[in-house]
Amino acid sequence: MAPRASWKGHLRLSLVSCAVKLFPATSASERISFNQLHKDTHNRINMKPVDPELGLVERSDLVRGYEYEPKQYIIVEDSDLEAVRIESNHTLNIEAFVDESEVDVIYQDSPYYLAPDGAMAEETFIVLREAMRRSGKVAIARLVLSSRERVVTIGARDKGMFVTTLRNPNEVRGTAEYFDSIPVGNPDQEMLDLAQKLIDQKVTDFDPRQYEDRYEAALMSMIKEKLKGHKPIIAAAPERGNVINLMDALKASLGEAKPAAKSKPKAAPKQAAPKESAAKVSLKAAVEASKAAAKPKAPRKKA
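None of the values given here were measured: they were computed from a predicted structure.

1. Some points on the overall build of the protein chain
Right, so step 1: Along the backbone of the protein chain there are 7 helices and 12 strands.
Right, so step 2: By the burial criterion, 19% of the 303 residues in the protein chain qualify as buried.
Right, so step 3: The contacts in the protein chain between residues at least 6 apart in sequence include a share of 65% that link residues at least 24 apart.
Right, so step 4: Per element, the accessible surface of the protein chain, about 25,300 Å² overall, is 54% carbon and sulfur.

Written out as structure tokens, the structure is:
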């Protein structure tokens, strides 16, 4: 079964555009989750909507309301939301390009994959993808997801593109409340050098497969033991000794630390050559028209 797209529309750069579809890049379906059951019957509990005056109500009777004052609501119908149409409802319009390093990680939210929607869109999609790959930049665009406009970054990834939604600045907390009381300090140079050496000993290539969720694994092990009718084995976390002296601890750590194993470099995947198509002429014309539109017009000579 083909994955279901979260959003469909057009990716546009000036006068060049192509049909695209957006897919979530991550999934939480493999995580262990629990259902709420009654302690005696073990029946799964249903969450039903309750009105404080009427009691249980049908979900079909529910409407969407915005609280503009305490306990004062304005009703918003589906037709009202459909009437709010802006360009980013159906178009990923690229507004700018920036270095990826300029996008602070604290603003990065949800990851998505972007793919061409249909064979007719493939050539334009590939041209835009490779142009971004060569430039080393990511695009800044907007799209509407879940009834709100999101600013996103778009970059080349494998044979497709990678989209990351960005948090709004008012959603990001400042650091002053948490960091202002921390002294700047002037660390001892010898201890600083030892800490740097300790870091150097543990430098390796990042491989997420080496960092499994140990709590999830232990949770699954406990569940399997209970299924067999066994009592789960309670494994206590290892006790750590108190650090008496920072200098001694750094020196002891350097003596015990083993260099991290280097992961084997992976061969770069071969890129398939783009197929020739009749869309070349229209794409070239669109690019040339974009260049012409971007050039400033020469001022008219006065008679």
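Structure shown, so let's carry the discussion forward.
2. A short note on the packing of aromatic side chains
Right, so step 1: A complete count under the given rule lists 2 aromatic pairs for this structure.
Right, so step 2: Taking the centre distance of 6.1 Å and the plane angle of 55° together, the rings of Y113 and F162 count as tilted. Of this pair, Y113 sits in strand 9 (residues 108-116) while F162 sits in strand 12 (residues 160-166), and the two are 49 residues apart along the sequence.
Right, so step 3: Owing to a relative accessible area of 37%, Y113 belongs among the partly exposed residues under this scheme.
Right, so step 4: For F162, a relative accessible area of 24% puts it in the partly exposed group.
Right, so step 5: Pairing F206 with Y211 gives two aromatic rings, centres 5.7 Å apart and planes at 20°, and the pair type is stacked. Across the pair, exposure class does not vary: F206 and Y211 are exposed alike.
Right, so step 6: Here the basic side chain of R157 rests over the ring of F162, its NZ or CZ set 5.0 Å away from the ring centre.

Reading the values: the criteria
Residues numbered from 1 in each chain as written. Predicted model: local features only at pLDDT ≥ 70, side-chain atom pairs only at ≥ 80, totals over all residues. Heavy atoms only, no water. Helix = DSSP H or I, 4+ residues; strand = E, 2+ residues; numbered from the N terminus. Buried < 20%, exposed > 50% of the residue type's maximum accessible area, 1.4 Å probe, protein only. Contact = heavy atoms within 4.5 Å. Areas by Shrake-Rupley, 256 points an atom, 1.4 Å probe, with all protein chains shown as cover. Phe/Tyr/Trp six-rings, centres within 6.5 Å; stacked < 30°, edge-to-face > 60°. Lys NZ or Arg CZ within 6 Å of the ring centre and 35° of its normal.

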